[in-house]
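Observations on chain architecture
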Amino acid sequence: MFGETKLLQHELTNEYSYRVDAVDSQYDFNHVTQQAPPSAYMRAGGAGAGASRMAGAPASRGGFGRNTETARPVTSNRAAGYTAAPTRGGGGQFDPFNQGGEDPVVSTAPALAKNPELSPEDKLRNLEKEIHKLVEESAVTREAGDIPNALEKAKEAAKKERQLYRLREQYNLLEQLNVDLTFSVCLNLAIHREANGSDQEALIIYNQIVKNKQYPYSGRFRVNMGNVYFHQGKYLAAIKMYRMALDQIPNNVQAHRFKIMRNIGHAFFKMHQFTDAIDSYENLLMHDGEHLDFMTGFHLMLCYYALGDKEKMKRGYVKLLNIQQAGLEDFEDDEVDDLLAPDAAGGGSSPAEKMDRTLTEGDDALREDVKRRQRDAARYIVNASNLIAPTIEATPIAGYGWIIEALNAHGFPGIASELEIAKASHYLRRKEFDMAIEVLKGFEKKEPSLMARASTNLSFLYFLEQNFAEAEKFADMAVKADRYNARALVNKGNCLFVSAEFERAKEVYLEAIGVSADCLEAIYNLGLVNMHVGKYTEALLAFDKLHSITHANCEVMWQLGDIHDRLGNDHKAHEWFSLLITSPKGRPTDPGVLARIANLCHKAEDETQAFHYHLESYRHWPVDMNVITWLGIYYVKQEMYEAAIPFFHRAAEIQPDEVKWLLMVASCYRRMGVYHRALKLYEDIHRQHPQEVECLRYLITICKEMGLKYEHYAAELKKLERMQESANPMPDDDKVAGFAATGQQEIRHAQQSPPRESAPPPGSQPEALFEVNVADPETQSKQSRRLLATGPKDDDDDWGNEELGDDLLPGM
């Protein structure tokens, strides 16, 4: 056993093991005198068996069979530092230094010493990192659209930069001043000041930058100063800054130089110095127009148009079409149709929504940028075409023809089709509907998308001409080509409306709203169809939604007031009509609105306000018979007969065949005591209308009052009465004998007439916008011809002594 222990010591002293020469080493086995406890193997086979077992071990593992001084030691098949049983104080975890226990034999490692205090250089370096981080965060925040927060970060960066400078000065480290950091902080603060609208503060910082000679290329930032002056409208100062910046730009950087020249041209254009602007823009035509973009080409066209030079407009338009720009080589016609689709065919979508429709799933940022460039180019070309087409030739039609040929020749057939539709619109503005229809019908043989747009316009044209069959035909074609064309659905609904298919029209309008929630025409027509079928509550919801979109649309406010009036909500109706005449975009002089407010005031028994609004309505529209009648009756009630006479005269001028108005004038003269003028007027009426029975009765009465002969008038009256009785025989109980009925009795009968309804019955025809309601002449004639000519002298009068009934007032 001792021999085995000695052998183990020799194996532990090779180059892989710890030395055990020291006596106090834990690997020193010299002090062991007793034998090791027998193992299970030794108990089973004895010592000899164990020796033979060790002798049979491989030489590479045990080192037997060769020199034990250089033999490789026996290794374990377990990882170093881990044992199956828990170690003392270790809790079963790897803890070679016994840091988690309290073993007095093995001492724990001392705690890590704290870092010493930072040096001044380290402090300054950390502060610079904070400033850099704030500058970057402000730029990112501004790019995200949060400009106020970005400005706060820029201010914080500037504050820390000043703190950094003071620390360098305190530590006498000014030779390590970071000029680039100071420059970036100042420039960042100036840019954010400008973005927030603080132009003066931005200019102060820009001046400090450009005047500091330590900043290289600081003079280039005079472009920013020029932009600030341009925004302020100081175009001369902006041109000065642009030219000073142009001197700082080397000639080999042509792109920046041309952009500055374009800004100079914009400033001259704003000052209406078109010749100088043309010189600046034409500088971009150098190098075969390599740096010419569509914006500059369009502004050059505007200058030519302002000067009226037709030849230069043509040459400039050709140069605009020849501009080479990245992405235009893939200018496809179907994309042009999507980009240029007007609201008439697209359903009233916003520009952002139109762009989203053109971006298909899977488009990356590069494809999105290409489509944006295409959209901008198409917009500039279309605007330039519509601008110069009516002026470059002798006639606008010839100008459109030249533009369309140029577009087709330069590879823009989609935009040429757009100009075809613009040509048809020009015919519409000149009321040449046949020519417009002929142009639009030319799209029948073109692409379906163009045909759908043309069909929408054709349907609208035929609807205006009241050719509803053709209008419905082309509306069906447009809907078939594009089911999501909200305007085509509106045209279809209009055709169904005029065909009295109100429920189907309502469904189509709702479908159009589902396609485009902000299709104003569909919402408005939905409200009208609901009013037509008597569903005022649903109509009110539609117009309320429309008002939330338009905010101050006069037609919408009128309809809201009209619906509340029909529902009997007089207070709300008065509120909407008042808003219509008092809002900034309202109609304070609209006579129809003023008349409606007057009627509401009359229903509320506010005669003073009713008179005021009726008078205002008459002042703006002196031919409304309802208003004229109300004012005349009002003055008669107030016994101001002289003031009532002009209104009855005006009514007689408007309706010369109605005798009642001149009879009212004569009655006013009688009440005033001017009998001679009244008699003369009655005689004139009798000569013009010899068959008028009431005029004869009034003549007999006034002749009696004046003591004149009246027998011939009485004979004529009896003759006319006999003729009327023979022509219209009546039962004896219903006959009225001669002059038995007095004016007072007739007026009492008028006062007992049933009151007018405040709202029409459901299903009645809704009133058109601002339509003047003129009462039926026959009804008014029957209502006014109730006063008879006989009776006591004091009471024998057309009006009587009683208050006039409501049946003589205008209808509401």
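Here, the structure is the one placed above.
A brief report on the enclosed structure follows. Computed from a predicted structure; not experimentally measured.

Spanning 14 residues, helix 31 (residues 607-620) covers 20 Å between terminal C-alpha atoms, matching the ideal 20 Å at 1.5 Å per step. Looking at the buried positions of helix 31, the neighbouring elements they touch are helix 29 (570-582), helix 30 (591-603), helix 32 (625-637) and helix 33 (641-654).

Before going further, it helps to spend a moment on the pattern of salt bridges. Opposite charge on two side chains makes pairing possible when the charged atoms of those side chains draw close. Tallied over the entire structure, the rule returns 31 salt bridges. For D369, the salt bridge goes to R372, with nearest N and O atoms at 2.7 Å. Here the residue D369 and the residue R372 both occupy positions in helix 18 (residues 365-388), the gap between them amounting to three residues, near one helical turn. Here D369 falls in the partly exposed class, since its relative accessible area comes to 26%. With a shortest N-O distance of 3.9 Å, E503 and K535 are connected by a salt bridge. Linking E503 in helix 25 (residues 502-515) with K535 in the loop between helix 26 (520-532) and helix 27 (536-550), this pair joins segments that are 32 residues apart in sequence. Judged by relative accessible area, E503 falls into the partly exposed class, the value being 44%. The network of salt bridges with shared partners includes D562, D565, R566, D570, R596 and K603.

Quick look at unusual backbone geometry now. Its identity is not glycine, yet A500 carries a phi of approximately 65 degrees, on the positive side. Within the element layout of this structure, A500 appears in the loop between helix 24 (486-498) and helix 25. By relative accessible area, which is 49% here, A500 ends up partly exposed. The phi angle at E639 is positive, at roughly 60 degrees, despite the residue not being glycine. Turning to its location among the elements, E639 is positioned in the loop between helix 32 and helix 33.

What follows covers the packing of helix 10 (residues 254-270) against helix 13 (residues 294-307). Packing of helix 10 against helix 13 leaves a shortest axis separation of 11 Å and a crossing angle of 30 degrees. In terms of orientation, helix 10 and helix 13 fall into the roughly parallel class. Judged by the sense of rotation from one axis to the other, the crossing of helix 10 with helix 13 is left-handed. Contacts between helix 10 and helix 13 pair R262, H266 and F269 from the former with M295, T296, H299, L302 and C303 from the latter. For the contact of helix 10 with helix 13, the per-class residue count stands at four nonpolar, three polar and one charged.

Parameters and conventions
Residues numbered from 1 in each chain as written. Predicted model: local features only at pLDDT ≥ 70, side-chain atom pairs only at ≥ 80, totals over all residues. Heavy atoms only, no water. Helix = DSSP H or I, 4+ residues; strand = E, 2+ residues; numbered from the N terminus. Expected span 1.5 Å × (residues − 1). Contact = heavy atoms within 4.5 Å. Salt bridge = Lys/Arg side-chain N within 4 Å of Asp/Glu carboxyl O. Buried < 20%, exposed > 50% of the residue type's maximum accessible area, 1.4 Å probe, protein only. Axes fitted to C-alpha atoms, helices over the stretch in contact; angles between N-to-C directions. Parallel < 35°, antiparallel > 145°, perpendicular 65-115°, else oblique. Left-handed = near helix turned anticlockwise from the far one by under 90°. Nonpolar A, V, L, I, M, F, W, Y, C, P; charged D, E, K, R; others polar.

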